[in-house]
Amino acid sequence: MLQLTGSNSARAKTTNHTAILRLIYQNAPVKRSDLRQMLDLTLPTITTSVNVMIRAGLVRETDADETGAPGRKAHALAIDERYGFFCGIEMRGAKRTACITDFRGRMLRSVTDAHPCADYDKALRSAASLYRKLLKRVGLSASDIKGIGLVVPGLVDSEQGILTTYPGYNWLDKALCADFRSLTSYRGPVRAMNNTASRAIAAQLFLQEDLKDADTFAYLFVADGIACPLVINTPLISKSVVGNGEIGHMVMREKGALCSCGNRGCLEAYSGDRAILAACTEARKNGKAPVLASNTKGCDYLTMEDVLRAQSDGDAFVSEEVQSALTTLGIAIANITNYGSTDTMLIEGKLFDREENRKLLTDTIQKNLYSMYHSKTTFRFLPADPLSGARGAAAIAILNAIEHYAG
Ligand SMILES: [Zn+2]
């Protein structure tokens, strides 16, 4: 199927290499005979490619024998995690988080700069400084890093490495990858992507065991903004994330609340963390949220942890605000599930640290789903992880290394 001939043979070789490498990455341990079946390639083609990858240190043979393989005893294949290191950086206005991983995506070290930076140049300098700090702490040099991933909220042109727009901070048309290179003098590949799309890529690369029965999945990420990219879950296509998934700017109420993008009535203006925090901050100031006020006496600003604690302690205003945010979100999710009807939806967000909130969201989704699809999508909450953005950024660097491996 993927075998091409004649003048296309060089391209065919690269295409075959990429497909084989991704299949090994996502299905390891995998037998050569399985690869042959999955790719419709001949065994000699598979063997030649795999031998090149073993010599290059990308792939290793595992201890398990391939049963029924002809000739000498061959072993099943896996990715060689010692191939190299990758750096992932999530750059948000509120904070920057960075990590170094091995080829398997296992994290060696992470660092965070939690100082808010409204200015793009300052935030980028902070990201570059985290990268240098990590290299030092792990004892690596830039040449040990096989690739860097940079992820940000908002719209990113991944092909060009440009941050098109980050509405909350008004960062527009920034040459993200080029700017990062000039600050760090890093010579390897630097890739950029939206920070939720990259989380979805990380799920596809690192959570494959959990997603093996899902032909498609969606990744709902709720923070200040809300996004939900759809993923076609096959290693055989390179652009598996469909669209931008920017559901946070789906208009829920005409002439509704003002959103950070300038429009009115967007979902994130009701259900995003920033909207919830703004409403609770106002209520604390006006004496409408006494439990929250008493819990946070002397604090300059509120966090989502404060909100969840006040909800748990029975603050009526905070509870109502959170319920309203979750109801609006649940309706939006039901609508997009009716449209996309993916097999699985992974859900990440600070709000879902509380069981009560997870239940309210899923109940609202089920209540508003078109009945035909009622049981098709499985909704799964992921544990809240402050490093998921940096891990997603490392995932896009790893995926780039796989997809651009020419052999
Ligand atoms: Zn908006």
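Here the residue numbering is sequential within each chain, running from 1 through the sequence in written order. Only residues with pLDDT of at least 70 get local features here, since the model is predicted, and only at 80 or more are side-chain atom pairs given and counted; chain-wide, interface and lining totals rely on the full set of residues.

(A) The arrangement of the overall build of the chain in detail. The numbering of helices and of strands both runs from the N terminus, where a helix is a DSSP run of H or I of at least 4 residues and a strand a run of E of at least 2. Within the chain, the regular secondary structure consists of 14 helices and 16 strands. A compact globule built from 407 residues would reach a C-alpha radius of gyration of about 22 Å, and the chain, at 23 Å, matches this within 12%. Exposure criterion: with C-beta atoms placed from backbone coordinates, a residue whose C-beta has 20 or more other C-beta atoms within 10 Å is buried, one with 12 or fewer is exposed, and one in between is partly exposed. The buried share among the 407 residues of the chain stands at 45%. Contact definition: two residues whose C-beta atoms, as placed from backbone geometry, lie within 7 Å. Nonlocal contacts in the chain, meaning residues at least 24 apart in sequence, comprise 62% of its contacts between residues at least 6 apart. Every radius of gyration here is taken over C-alpha atoms, with the globule rule written as 2.2 Å times N^0.38, N being the number of residues.

(B) View of the pairing of strand 9 (residues 171-174). Two strands qualify as a pair provided that DSSP identifies no fewer than 2 bridges between them. As judged from the 3 bridges shared by strand 8 (residues 162-166) and strand 9, these two strands associate in the antiparallel manner. Residue pairing in the sheet places Thr 165 in a bridge with Leu 172 of strand 9. Here strand 8 folds back onto strand 9, and the loop between the two strands holds 4 residues, one of which, Asn 170, carries a positive phi near 60°.

(C) Broad picture of the nonpolar core. Judged by nonpolar contacts, the single largest core of 118 residues is most densely connected at Cys 87, Ile 89, Ala 127, Leu 150, Tyr 219, Leu 220 and Ile 398. For this core, the leading source of residues is helix 14 (residues 388-403), giving 10 residues. Note: domain ranges come from an automatic or database domain assignment. Residue contributions to this core reach at least three from each of two domains, namely domain 1 (6-81) and domain 2 (83-201 + 388-403). Beyond its immediate sequence surroundings of up to four residues, Leu 220 is in contact with Cys 228, Ile 333, Met 345, Leu 346 and Ile 347. Core membership is restricted to buried Ala, Val, Leu, Ile, Met, Phe, Trp, Tyr and Cys residues, and these are joined into a nonpolar core through C-beta atoms within 7 Å.

(D) Highlighting the sheet that holds strand 8. Spatially, 3 strands are ordered 7-8-9 in an open sheet, and the strand pairing comes out antiparallel. Looking at strand neighbours, the two that pair on one side only are strand 7 (155-157) and strand 9, the edges of this open sheet. Ignoring which end each strand starts from, the neighbouring axes of this sheet average 15° apart. Lines fitted to C-alpha atoms define the axes here, with helix axes fitted over just the stretch in contact, and angles between the N-to-C directions of these axes take values from 0 to 180 degrees.

(E) Quick peek at the domain arrangement of the chain. The domains assigned to the chain are domain 1 (6-81) and domain 2 (83-201 + 388-403). Summarising the inter-unit geometry, the C-alpha centres of domain 1 and domain 2 are found 30 Å apart. Across the contact, 9 residues belong to domain 1 and 7 residues belong to domain 2. Its residues assigned to classes, the side of domain 1 that touches domain 2 comprises 4 nonpolar, 2 polar and 3 charged. Put simply, Ala, Val, Leu, Ile, Met, Phe, Trp, Tyr, Cys and Pro go in the nonpolar bin, Asp, Glu, Lys and Arg in the charged bin, and everything else, Gly too, in the polar bin.

(F) Seen up close, the environment of Asp 273. With respect to the helices and strands, Asp 273 occurs in helix 9 (residues 273-285). Separated by 137 residues in sequence, Asp 273 and Lys 136 have C-alpha atoms that sit 34 Å apart. For Asp 273, the residues in contact, after removing those within four places along its chain, are Ala 223, Asp 224, Met 304 and Lys 350.

(G) Up close: the sheet that holds strand 6 (residues 145-152). Spatially, 5-4-3-6-10 is the arrangement adopted by the 5 strands of the open sheet, whose pairing is mixed. Two strands lie at the open edges of the sheet, namely strand 5 (107-113) and strand 10 (190-194), each paired on one side alone. Across the sheet, the mean angle from the axis of one strand to that of its neighbour is 15°, orientation sign disregarded. Sheet strands touched by helix 14: strand 3 (85-91), strand 4 (96-102), strand 5, strand 6 and strand 10. Its angle to strand 3, the strand with the most contacts, is close to 135°.

(H) Molecular detail of unusual backbone geometry. With omega at -5°, the peptide bond leading from Ala 28 into Pro 29 counts as cis. Within the element layout of this structure, Pro 29 appears in the loop between helix 1 (9-27) and helix 2 (32-39). Phi at Asn 170 is positive, roughly 60°, even though this residue is not glycine. Non-glycine residue Lys 255 carries a positive phi angle of around 55°.

(I) Region of the structure containing the packing of helix 12 (residues 316-340) against helix 13 (residues 355-368). Closest axis-to-axis distance for the helix 12/helix 13 pair is 8 Å, and the angle between their directions is 40°. In terms of axis orientation, helix 12 runs oblique to helix 13. The handedness of the crossing between helix 12 and helix 13 comes out as right-handed. Counting all contacts with helix 12, which are made through Val 322, Gln 323, Leu 326, Thr 327, Leu 329, Gly 330, Ile 331, Ile 333, Ala 334 and Thr 337, the residues of helix 13 involved are Asn 357, Leu 360, Leu 361, Thr 364, Ile 365 and Asn 368. Each residue belonging to the contact of helix 12 with helix 13 can be placed in one class, and the counts come to 9 nonpolar, 7 polar and no charged. Geometric relationships in this document are graded by angle, where less than 35 degrees denotes roughly parallel, more than 145 denotes roughly antiparallel, 65 to 115 denotes roughly perpendicular, and other angles denote oblique. The handedness criterion is simple: a crossing whose near helix is rotated anticlockwise from the far helix by less than a right angle is left-handed, and one whose near helix is rotated clockwise is right-handed.

(J) Representation of helix 5 (residues 176-184) in the model. Taken as a whole, helix 5 has its buried residues at Leu 176, Cys 177, Asp 179 and Phe 180. The buried residues of helix 5 all sit within an arc of 165° when viewed along its axis, so they share a single face. In this structure, the buried residues of helix 5 make contact with helix 4 (120-138), strand 6, strand 8, strand 9 and strand 10. Directly after helix 5, the chain includes Ser 185, whose backbone phi takes a positive value near 60°. Directions from the helix axis toward the C-beta atoms define the arc.

(K) Focus on helix 6 (residues 195-206). Residue count minus one, scaled by 1.5 Å, sets the expected span of a helix. If you check helix 6, its first and last C-alpha atoms are 16 Å apart, about what 12 residues at 1.5 Å a residue would give, namely 16 Å. A large share of helix 6 lies buried, amounting to 12 of its 12 residues.

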